[in-house]
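Listed here are the chains, written in short residue letters.
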Amino acid sequence: MKHLVILGAGTAGTMMSNHLAKSLPKEWDITIIDQRKIHHYQPGYLFIPFGTYTESDIVKPVKKFLPSRAKYIQKPILNVDKDKDLVHLEGGQAIPYDLLIIATGTDIAPEETPGMAGPHWHKSIFDFYTLNGAVKLHRALEEWNGGHLVVHITEMPIKCPVAPLEFTFLAESYFHEKGMSEKVKITFVTPMDGAFTKPVASDQLGHLLKDKGIDVVPNFNVMEIDGDAKKLIDYEGKEVSYDLLVTVPTNKGAEYIERSGFGDELNFVPTHKGTLQSKVKDNIFCIGDATNIPASKAGSVAHFEGEILMENIKRFIEGRELKDEFDGHANCFVETGHGKALLIDFNYTHQPVSGTFPFPGIGPLTLLRESRMNHMGKLAFKWVYWNMLITGRHIPFVPSKMSEAGKNFEEIQS
Amino acid sequence: METTIAGKQVKLNEQGYLTDLNEWNRDVAAALAAEEGVELGEEHWPVLEYLQSQHKQEVPLTIRNVGKSGIVDIKGFYALFPGGPLKKASRIAGIPKPASCI
Ligand SMILES: Cc1cc2nc3c(=O)[nH]c(=O)nc-3n(C[C@H](O)[C@H](O)[C@H](O)COP(=O)(O)OP(=O)(O)OC[C@H]3O[C@@H](n4cnc5c(N)ncnc54)[C@H](O)[C@@H]3O)c2cc1C
């Protein structure tokens, strides 16, 4: 028997196990390893602070979504010995592999910013990138009497890079509905040069923040947080004061990657951006948030990557040349509050496009424009996620390579 | 867009970044730097060369990896390129603006 081992049973790992169970040749067995018992629908974290979803809406057992052909081991990974082709688990077990797929994603690291993870963490400084953080933030928002809410991105890259902006829009909508608009000032603080940085998006969407009375502080690279004085301080000495801080801390890959000696400075795995083969060793592939490729870290991206990775695993096993085809395709709903959302579609070389999706000229979804239908689409994504995305079923009408029909294109010149 | 910088024909994108690193030279860099309000000195070149080498290896650039490069720390990077160090330094180095989402 030959051994294929998948590290991580989140979005990408679960999806790959289902794809592989169907088509991997019989002489291969499949093992999938994760520390968790419960699978989280992470896009749902965004809605928990506002009470739209509760914890039970977004969690299900990991095993429920794994194919019977895959053996599940629920253990933390200690490290990968790439020279001996072995994965070491906590408790001393060593799992041999012929082919390894790394899909351990990314997690927040608030300890990277002085003053963030201290005594004020989950008291006046919150995150919504973990279930625990989102639940605590929900309680804090319910009790809050108003003041200055600062929504903040620590540094790039982060997963779902539009989530902080969505959180900002939803917060504005939430306080409006509570009749607290007068009492709440919202500021969006980002290390990038604006809330929307691609020219097409900032042209078309820049007005949204202004219309909603949200201030933006761009080019702000936080150096430390003074939690007692409630202020963010950046490397140039600029300061932003807050009453309530909602931050997206530094995102890092798993620590075992550092212990295995092959991650970059944020523990992301060096990966070829077109083939998804790692640059670590030929028999290690990487998918989802764990890679260092310059695509967005999003569930939809993992879905598009899955198709190319399947093809390349087949080719690798047969000793053929890999297909260098992944185009960085991403497709995300962006909640804008008040029951509306946008839909964006872009890749390595194309800016977000306007037009209609998935049917050219018909939609029903509109690209780069707010609509109620898009908001329905975002809520329906939860069903698509549990029933199609991670179970490896084909999502109708949405090809992995970006389709150009029905869209108005502008090339990114680089 | 075709234009002439420091006596050399170059192509720029709509945000003023070179679209072809082969058209870059030190005079072009100095002219782009002047537009960004930066006067290039001895300490700037190793940083620019580091950015170019990372770009050629397709390593996505962040302030953090520059800060850990051993060439300059984050505070030093800010001192050399005040305002938006990564954005400015990338433009002066002739490489694309660091990727972001929308
Ligand atoms: C607030 C928020 C909103 C989002 N919204 C959207 C959205 O609207 N649309 C969208 O497409 N995407 C969205 N995303 C992003 C999406 O959830 C991720 O991109 C996706 O889950 C990545 O899948 P993955 O398999 O790479 O990582 P994950 O799904 O995070 O899985 C990684 C797995 O690895 C396991 N693991 C890690 N380290 C170890 C270890 N040492 N030992 C054992 N197991 C380990 C973890 O337990 C986890 O189960 C959002 C994310 C957040 C946080």
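Let me sum up the structure you'll find in this document. (Residues numbered from 1 in each chain as written. Chains lettered and ligands numbered in written order. Predicted model: local features only at pLDDT ≥ 70, side-chain atom pairs only at ≥ 80, totals over all residues. Heavy atoms only, no water.)

1. Here's the deal with the site of the ligand
Residue and element names in this part refer to chain A.
Phase 1: In the vicinity of the ligand lie 30 residues, with T11, A12, D34, Q42 and D289 positioned nearest.
Phase 2: G299 has a polar backbone atom sitting 2.9 Å from an oxygen atom of the ligand.
Phase 3: When contributions to the shell around the ligand are tallied by element, the ones reaching two or more residues are α1 (11-23), α6 (299-317) and α7 (372-389).
Phase 4: Looking at the shell around the ligand, its residues break down into 13 nonpolar, ten polar and seven charged.
Phase 5: Each of two domains, domain 1 (2-105 + 254-318) and domain 2 (110-250), supplies a minimum of three residues to the shell around the ligand. (Near = heavy atom within 4 Å. Polar contact = N/O pair within 3.5 Å; in protein donor to acceptor, adjacent residues only side chain to side chain. Helix = DSSP H or I, 4+ residues; strand = E, 2+ residues; numbered from the N terminus. Nonpolar A, V, L, I, M, F, W, Y, C, P; charged D, E, K, R; others polar. Domains from an automatic or database assignment.)

2. Structural notes on the packing of helix α2 (residues 44-56) of chain B against helix α5 (residues 85-93) of chain B
All names here are of chain B.
Phase 1: Where α2 contacts α5, the two axes come as close as 9 Å, and the packing angle between them is 80 degrees. One element, α2, and the other, α5, form an angle in the roughly perpendicular class. Judged by residue contacts, L48, L51 and Q52 of α2 engage L86, A89, S90, I92 and A93 from α5.
Phase 2: Of the residues in the contact of α2 with α5, the class split is six nonpolar, two polar and no charged. (Axes fitted to C-alpha atoms, helices over the stretch in contact; angles between N-to-C directions. Parallel < 35°, antiparallel > 145°, perpendicular 65-115°, else oblique. Contact = heavy atoms within 4.5 Å.)

3. As for the pairing of strand β15 (residues 222-226) of chain A
Residues and elements named next belong to chain A.
Phase 1: As paired strands, β15 and strand β16 (residues 231-234) are joined by four bridges and run antiparallel to one another. When the bridges of β16 are listed, E224 appears paired with I233.
Phase 2: Remark: four residues form the turn of the hairpin made by β15 and β16, two consecutive strands paired antiparallel; K230 in that turn has positive phi of roughly 55 degrees. (Pairing = 2+ DSSP bridges.)

4. Focus on α7 of chain A
All names here are of chain A.
Phase 1: Of all the bends in α7, the greatest, near 35 degrees, is centred on W383.
Phase 2: Every buried residue of α7 is listed here: N374, H375, G377, K378, K382, V384, Y385, W386, M388 and L389.
Phase 3: A side-chain oxygen of the first residue of α7 lies 3.5 Å from the backbone nitrogen of M373; this N-cap is S371. (Bend = angle between axes of the 7 residues up to and from the residue. Buried < 20%, exposed > 50% of the residue type's maximum accessible area, 1.4 Å probe, protein only.)

5. What about the environment of F381 of chain A?
Residue and element names in this part refer to chain A.
Phase 1: Structurally, F381 is set in helix α7.
Phase 2: In the structure, F381 is positioned 76 residues away from E305 in sequence and 18 Å away in space, judged by C-alpha atoms.
Phase 3: Ignoring any residue separated from it by four or fewer positions in sequence, one finds F381 in contact with Y41, P43 and L389.

6. Things to note about the pairing of strand β1 (residues 2-5) of chain B
Residues and elements named next belong to chain B.
Phase 1: In the sheet, β1 pairs with strand β2 (residues 8-11) via four bridges, with the strands oriented antiparallel. Note that in β2 the partner of I5 across the bridge is K8.
Phase 2: Between β1 and β2, which pair antiparallel one after the other, the connecting turn spans two residues, and A6 there sits at a positive phi close to 50 degrees.

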